[in-house]
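Inside the fold
Now for the letters of each chain:
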Amino acid sequence: MRIGIVCYPTVGGSGVIATEMALALAARGHELHLLSYDRPSRLRGGIAGLQFHEVAVTAYPLFRYPPYDLALSTRMLEVHEEAKIDLFHVHYAIPHAVSAFLARSMCSNGDLKFVTTLHGTDITVVGSDRAYLRPTRFALEQSDAVTAVSRFLADETHLMFGVKKPVDVVHNFVDTERFQPADHKPWYERENEERIIMHASNFRPVKRVADIVRAFAAIQKQIPSRLILVGDGPDREHALAVATDLGCQHRVEHLGMHDNLEKVLPTADLFLSASQTESFGLSILEAMSCGVPTVSTDVGGVSEVMGDTGILVPLAEPEMMATAAIKLLSNPKQYAEQAVATRKRAIECFSTDRVVSQYESIYERVVG
Ligand code: GMT
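For the structure given in this document, a descriptive report is provided here. Sequence order as written defines residue numbering, which begins from 1 separately in each chain. Restriction of local features to residues with pLDDT of at least 70 applies here, the model being predicted, together with a cutoff of 80 or more for giving and counting side-chain atom pairs; totals for whole chains, interfaces and linings are based on all residues. Each side-chain value is derived from all of the structure's non-hydrogen atoms; neither hydrogens nor water enter the calculation.

The subject of this paragraph is the sheet that holds strand E2 (residues 31-36). Backbone hydrogen bonds are what pair the strands of a sheet, in a parallel or an antiparallel way. The seven strands lie next to each other as E3-E2-E1-E4-E5-E6-E7, forming an open sheet whose pairing is parallel. On the outer flanks of this sheet lie strand E3 (50-54) and strand E7 (167-169), each paired with one strand and no other. Averaged over all neighbouring strand pairs, the angle between strand axes comes to 25°, with direction disregarded. Whether two strands pair depends on DSSP finding at least two bridges between them. Secondary structure follows DSSP: runs of H or I at least 4 residues long count as helices, runs of E at least 2 residues long count as strands, and numbering of each begins at the N terminus. Pairing of strand E5 (residues 114-118) with strand E6 (residues 145-148), which is carried by four bridges, proceeds in the parallel orientation. Looking at the pairing, Leu 118 lines up with Ala 148 of E6. Strand contacts of helix H2 (residues 68-83): strand E1 (2-6), E2, E3 and strand E4 (87-91), with the helix running at about 165° to E2, the strand carrying the most contacts. Interaxial angle, 0 to 180 degrees, is taken between N-to-C directions of lines fitted to C-alpha atoms, where a helix line uses only the stretch in contact. Throughout, a contact is declared for two residues whenever any of their heavy atoms are within 4.5 Å.

Here the focus is the packing of helix H7 (residues 209-222) against helix H8 (residues 236-245). Relative to each other, H7 and H8 sit at 20°, their axes nearing to 8 Å. Comparing their axes, H8 and H7 come out roughly parallel. H8 is crossed by H7, and the crossing has right-handed handedness. Judged by residue contacts, Val 209, Ala 210, Val 213 and Arg 214 of H7 engage His 238, Ala 239, Val 242 and Ala 243 from H8. The residue makeup of the contact of H7 with H8, split by class, is six nonpolar, one polar and one charged. In what follows, roughly perpendicular refers to angles from 65 to 115 degrees, roughly parallel to angles under 35, roughly antiparallel to angles over 145, and oblique to any angle outside these ranges. What makes a crossing left-handed is the near helix being turned counterclockwise from the far one by less than a right angle; a clockwise turn instead makes it right-handed. Here the term charged refers only to Asp, Glu, Lys and Arg, the term nonpolar to Ala, Val, Leu, Ile, Met, Phe, Trp, Tyr, Cys and Pro, and the term polar to all other amino acids, Gly among them.

Okay, the site of the ligand next. The criterion for a residue being near a molecule or strand is simple. One of its heavy atoms has to lie within 4 Å of it. Neighbouring the ligand are 16 residues, the closest being Gly 13, Ser 14, Thr 121, Arg 204 and Glu 278. Between the ligand and the protein, one listed contact pairs an oxygen atom with a side-chain N or O atom of Asn 172 at 2.8 Å. Pairing of N or O atoms within 3.5 Å defines a polar contact, subject to two protein rules: one partner must be a possible hydrogen donor and the other a possible acceptor, and residues neighboring in sequence count only if both atoms are side-chain atoms. Within the backbone of Gly 281, a nitrogen or oxygen atom sits 3.0 Å from an oxygen atom of the ligand. Using a 1.4 Å probe, accessible areas were evaluated by the Shrake-Rupley method; residue-level cover was limited to the displayed protein chains. Here the ligand has 470 Å² of accessible area as a free molecule, and 94% of this is covered by the chains. Residue classes in the shell around the ligand are distributed as four nonpolar, 10 polar and two charged.

Side-chain atoms within 4.5 Å link the members of a nonpolar core, which is a set of buried Ala, Val, Leu, Ile, Met, Phe, Trp, Tyr and Cys residues. For every residue, the accessible area obtained with a 1.4 Å probe (protein chains only) is divided by the maximum for its type, and the residue is called buried under 20%, exposed over 50%, and partly exposed between those limits. Counting 67 residues, the largest nonpolar core has Ile 5, Met 198 and Leu 285 as the members making the most contacts within it. Once you skip the residues sitting within four places of it in the chain, Met 198 turns out to touch Leu 227, Ile 228, Val 230, Val 264, Leu 265, Thr 267, Ala 268, Leu 270, Phe 271 and Leu 272. Counting residues in each nonpolar core, the second largest holds 35 residues, with Trp 187, Val 213, Ile 223 and Ile 326 among its members.

What follows is about H2. Look at H2: 22 Å from first C-alpha to last across 16 residues, which is about the 22 Å you get at 1.5 Å a residue. Every buried residue of H2 is accounted for by Tyr 68, Ala 71, Leu 72, Ser 73, Arg 75, Met 76, Leu 77, Val 79, His 80 and Ala 83. How far a helix is expected to stretch is found by multiplying one less than its residue total by 1.5 Å.

As a further point, take the side chain of Glu 156. On the secondary structure map, Glu 156 appears in helix H6 (residues 151-161). The charge count treats Lys and Arg as positive and Asp and Glu as negative. His and the chain ends do not count. What makes a salt bridge here is a side-chain nitrogen of Lys or Arg within 4 Å of a carboxyl oxygen of Asp or Glu, nothing more. No salt bridge is formed by the buried Glu 156; the nearest opposite charge belongs to Arg 151, separated by 11 Å. The residues touching Glu 156, leaving out its near neighbours within four places in the chain, are Ile 123, Thr 124 and Phe 161.

All right, on to the packing of aromatic side chains then. Aromatic pairing here means that ring centres of Phe, Tyr or Trp (its six-membered ring) are within 6.5 Å. Orientation follows from the plane angle: under 30 degrees is stacked, over 60 is edge-to-face, and everything else is tilted. A full pass over the atoms with the stated rule returns nine aromatic pairs. Between Tyr 8 and Tyr 92, the aromatic rings sit 5.5 Å apart at their centres with planes inclined by 80°, giving edge-to-face as the arrangement. Here the residue Tyr 8 occupies a position in the loop between E1 and helix H1 (13-27), and Tyr 92 occupies one in the loop between E4 and helix H3 (96-106), the gap between them amounting to 84 residues. An angle of 85° between the planes, with centres 4.8 Å apart, marks the rings of Phe 101 and Phe 138 as edge-to-face. With Phe 101 in helix H3 and Phe 138 in helix H5 (residues 130-142), the pair connects residues that are 37 residues apart, well separated along the chain. On the basis of relative accessible area, Phe 138 is assigned to the partly exposed category, the value being 41%.

Residues with no salt bridge and a relative accessible area higher than 30% make up the patches, which join like charges within 9 Å and nonpolar side chains (Val, Leu, Ile, Met, Phe, Trp, Tyr) within 5 Å. A cluster of nonpolar side chains, contributed by Tyr 60, Leu 62 and Phe 63, occupies part of the molecular surface with about 360 Å² of accessible area. For Tyr 60, the position within the fold is in the loop between E3 and H2.

A word on the packing of helix H10 (residues 282-289) against helix H13 (residues 332-349). When two helices pack together, their arrangement is given by the angle between their axes and by how far apart the axes lie. Direction vectors running N to C along H10 and H13 enclose 115°, while the axes themselves pass 7 Å from each other. In terms of orientation, H10 and H13 fall into the roughly perpendicular class. Like other packed secondary-structure pairs, H10 and H13 cross with a definite hand, here left-handed. Residues Leu 285, Met 288 and Ser 289 of H10 lie in contact with H13, whose contacting residues are Thr 342, Arg 343, Arg 345 and Ala 346. Grouping the amino acids of the contact of H10 with H13 by side-chain chemistry returns three nonpolar, two polar and two charged.

As a further point, take the pattern of salt bridges. Summed over the entire model, instances satisfying the criterion amount to 21 salt bridges. The closest approach of N and O atoms between Arg 75 and Glu 78, which form a salt bridge, is 2.7 Å. Taken as a pair, Arg 75 and Glu 78 lie in helix H2 at a separation of three residues, close to a single helical turn. We note a salt bridge from Glu 253 to Arg 226, for which the minimum N-O separation is 2.7 Å. Taken together, the residues span a long stretch of sequence, with Glu 253 in strand E10 (residues 252-256) and Arg 226 in strand E9 (residues 225-230) at a distance of 27 residues. One network of salt bridges, in which partners are shared, links Glu 20, Asp 175, Arg 178 and Glu 262.

Below you can see the structure in the form of structure tokens.
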């Protein structure tokens, strides 16, 4: 098939999944066209059958907000005409689904098909904003198929948007060959006993990174450990200030943005996630694939991802997160079992092949 993929290029789960899908579909022999305002961070160069199309937005003094959605719909239409696209797959509904609908409306024969994948805040936070709700709901109804990355998100979509359309649940995936367990010894066999605790995110308020630091401050009082923070975003300074406030700043290391998470994650002994909501939690899955157990807040679709291979704690209870982490990092037997189980679950339930095949079936259904 000739497939157009639309996504955000920034570091974030939806852009990562869209890019990895484009790579996987190209490897399966499809012709791929990836559209975004910048080259996605995970897009490796020189892939046969994969072409990147930049969406340029011109700024005029009159425009306080340059209309990206219009520029995108024009680019989609152009690529559709030039490359004879069979279908577009837009990742993140706002504004991508609306741009797809506009592109279809401008298309001479109206024959432009699109699948919309919902990722998270396009529904749970931004979607409930009055300014976006109606056009997004309309564009979902107009999509040839709608998918959500978890059952939780599919249910939220029906609840909050009242869409009548069926929403297929297609979980996210991970390249389990690239995200591999480390070949170093686990903490309970190491001479240097320091445990590495890790968190990776875009440091937006929804991630509650300060709670990670609060939990760590309690952990390091009982277990020799270090907190590695990967990624960057608006809450970075606040999180580091909390570390200073709690007197554990010398044990907290901020790595910043990292393009090769598969090199960093395996060095962790434990992954922490304190999100307020998380429709899926891609970084948790990537940690699982590396055999790194997770303690996470019990929110959104996280339980669908972890099953019983990690530990869930209530939201905004960093003390409970610390207690769970200390227990796990003091019990070699339980830790070893969870490390094996978590990797096994990633391979069995969330492999690239399994999930990309599900999307291919949806494409076939749409294209007929
Ligand atoms: O919705 C967002 O917060 C942005 C989005 C992204 O682009 O990173 O994250 C969402 O999509 C990811 C990929 O499907 C999921 O792993 C994240 O859980 C989800 N974020 C939230 O639900 C907060």
